[in-house]
Amino acid sequence: MPEALERGLARYFTPAQLEKIQKTRVFLAGCGGLGSNVAYLLVRSGFRKLTLVDFDTVDASNLNRQFFFPPQLGKPKVEAAAEIYRLLNPKVEITALQTRVTAENACALAKDADLLVEALDEAEAKAAFVSAALGLGKPVICAAGIAGFGNTDALVTRRFGRRVYVVGDGKSDTASTPPFAPRVMVAAAKQADLVLQLTLEGEQNDV
């Protein structure tokens, strides 16, 4: 008997589409405001094979925008996230790595993935990850400029070169403007939607 989520998804995807989604391996660098929500949306969309990488633990300051709950305070983010996703679909295959993604280990950690999602906090870490990940020759979906509130229409997707996609306004910075749930989750939804699009349609001339 298929799990409840997958029974429901069978109403919206063809068997071939669902099989493609279930076989696609997604790597998420970061499991905070972006990563935890991107992964949640991907599980809801039928993705089963996720690698979550984050060195941090769940803090009270995370609860305003990250997909965690008060009973999970103090737990490693990757483990807390995996708990929630398995409730939604027990068939998910999650590799949870509590470590920091660096330019030195990015390729080794992500080498088996089909699609890479950059969901890191610091600009330097983002740039280092993308630079290293490009060597794998796979799509990299990033975010830049998602802080504050208002004007969510400014959160757009830009494509750089053949395989780098960046979601955000390209301006707002969490170092000077607090991150709030609505804008963060809009960006996360756009990243997850792009993962779904690339999985089902492949890379196109336009996003």
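**Describing the overall build of the protein chain**
For step 1, the next point in the chain: Across its full length, the protein chain holds seven helices and seven strands.
For step 2, the next point in the chain: What you see for the protein chain is a C-alpha radius of gyration of 16 Å, in line with the 17 Å of a compact globule of 207 residues.
For step 3, the next point in the chain: In terms of its C-alpha atoms, the protein chain occupies a principal-axis envelope of roughly 50 × 45 × 35 Å.
For step 4, the next point in the chain: The buried share of the protein chain, taken over its 207 residues, is 47%.
For step 5, the next point in the chain: For the protein chain, the share of sequence-separated contacts (at least 6 apart) that also reach a separation of at least 24 residues comes to 68%.
For step 6, the next point in the chain: A total of about 10,100 Å² of accessible surface is found on the protein chain, and carbon and sulfur atoms cover 53% of it.
For step 7, the next point in the chain: Here the protein chain contributes 24 positive and 23 negative side-chain charges, whose respective centroids are spaced 5 Å apart.

**Overview of the nonpolar core**
For step 1, the next point in the chain: Formed by 45 residues in total, the largest nonpolar core has its most connected members in L50, L52 and Y85.
For step 2, the next point in the chain: The leading source of residues in this core is helix α7 (residues 181-201), at eight residues.
For step 3, the next point in the chain: For Y85, the contacting residues outside a window of four places in its chain are G35, S36, A39, Y40, V43, L52, V92 and I94.

**Here's the deal with the pattern of salt bridges**
Between side chains of opposite charge, a pair can form as their charged atoms come close.
For step 1, the next point in the chain: Counted according to the given criterion, the structure contains ten salt bridges.
For step 2, the next point in the chain: A salt bridge links E6 to K91, with the shortest nitrogen-to-oxygen separation between them at 3.9 Å. In this pair, E6 sits in helix α1 (residues 4-9) while K91 sits in the loop between α4 (77-88) and β3 (93-97), placing the two residues 85 residues apart along the sequence.
For step 3, the next point in the chain: For E6, a relative accessible area of 7% puts it in the buried group.
For step 4, the next point in the chain: Judged by relative accessible area, which is 32%, K91 ranks as partly exposed.
For step 5, the next point in the chain: Among the ionic pairs, K49 bridges to E93, the shortest N-O distance being 3.0 Å. Taken together, the residues span a long stretch of sequence, with K49 in strand β2 (residues 49-53) and E93 in strand β3 at a distance of 44 residues.
For step 6, the next point in the chain: Classification of K49 by relative accessible area gives partly exposed; the value is 25%.
For step 7, the next point in the chain: Assessed through its relative accessible area of 43%, E93 is described here as partly exposed.

**A short note on the side chain of E6**
For step 1, the next point in the chain: Side chain to side chain, E6 and N89 meet in a polar contact 3.0 Å long.
For step 2, the next point in the chain: The contact partners of E6, leaving out residues within four places of it in the chain, are L18, Q22, R48, N89 and K91.

**Side note on the environment of E122**
For step 1, the next point in the chain: Assignment of secondary structure puts E122 in the loop between β4 (115-118) and α6 (123-133).
For step 2, the next point in the chain: Classification of E122 by relative accessible area gives exposed; the value is 52%.
For step 3, the next point in the chain: Placed 119 residues apart in sequence, E122 and E3 show a C-alpha to C-alpha distance of 38 Å.

**Comments concerning the packing of aromatic side chains**
For step 1, the next point in the chain: On inspection of all chains with the given rule, the structure shows four aromatic pairs.
For step 2, the next point in the chain: On the basis of an interplanar angle of 15° and a centroid distance of 6.1 Å, the ring pair of F27 and F129 is categorised as stacked. Taken together, the positions of F27 in strand β1 (residues 25-29) and F129 in helix α6 put the pair 102 residues apart, joining distant regions of the chain.
For step 3, the next point in the chain: Look at F27 and you get buried, because its relative accessible area is 1%.
For step 4, the next point in the chain: A relative accessible area of 1% means that F129 is categorised as buried.

**A closer look at the sheet that holds β2**
For step 1, the next point in the chain: Spatially, the seven strands line up as an open sheet ordered β3-β2-β1-β4-β5-β7-β6, and their pairing is mixed. At either margin of the open sheet sits one strand with a lone partner, and together these are β3 and β6 (156-160). Strand-to-strand twist of the sheet, defined as the mean angle between neighbouring strand axes without regard to direction, takes the value 20°.
For step 2, the next point in the chain: Bridging between β1 and β2 involves five bridges; their strand directions are parallel. Considered in β2, the bridge of L28 is made with L52.

Thresholds, definitions, all that
- Within every chain, residues take consecutive numbers counted from 1 along the sequence as written.
- pLDDT decides what is reported in this predicted model: residues at 70 or higher carry local features, side-chain atom pairs at 80 or more are listed and counted, and totals for whole chains, interfaces and linings draw on all residues regardless.
- Remark: hydrogens and water are excluded; side-chain values derive from all non-hydrogen atoms of the structure.
- Each helix corresponds to a stretch of at least 4 residues labelled H or I by DSSP, and each strand to a stretch of at least 2 residues labelled E; elements are numbered beginning at the N terminus.
- As defined in this context, the radius of gyration uses C-alpha atoms, and a globule is described by 2.2 Å times the residue total to the power 0.38.
- Exposure is judged per residue with a 1.4 Å probe applied to protein chains only, and the accessible area is read against the type maximum: over 50% gives exposed, under 20% gives buried, and values in between give partly exposed.
- Contacts: residue pairs with any heavy atoms within 4.5 Å of one another.
- Every accessible area reported is derived by Shrake-Rupley at a probe size of 1.4 Å, with residue values counting cover from the shown protein chains alone.
- Only four residue types enter the tally: Lys and Arg on the positive side, Asp and Glu on the negative side, with His and both chain ends excluded.
- To locate a charge, the coordinates of NZ of Lys, CZ of Arg, CG of Asp or CD of Glu are taken.
- Each nonpolar core is a collection of buried residues, namely Ala, Val, Leu, Ile, Met, Phe, Trp, Tyr and Cys, held together in the definition by side-chain atoms within 4.5 Å.
- A pair is scored as a salt bridge if a Lys or Arg side-chain nitrogen falls within 4 Å of a carboxyl oxygen belonging to Asp or Glu.
- Side-chain atoms alone can form a polar contact between residues adjacent in sequence; in general such a contact is a pair of N or O atoms within 3.5 Å, and within protein one must be able to donate a hydrogen while the other accepts it.
- Only the six-membered ring of Trp is used, alongside the rings of Phe and Tyr, when aromatic pairs are assigned; centres must lie within 6.5 Å, and planes under 30 degrees apart are stacked while those over 60 apart are edge-to-face, with the rest tilted.
- At least two DSSP bridges between two strands are needed for those strands to be called paired.
- A fitted line through C-alpha atoms represents every axis, and for helices the fit uses only the stretch in contact; the resulting angles, taken between N-to-C directions, go from 0 to 180 degrees.

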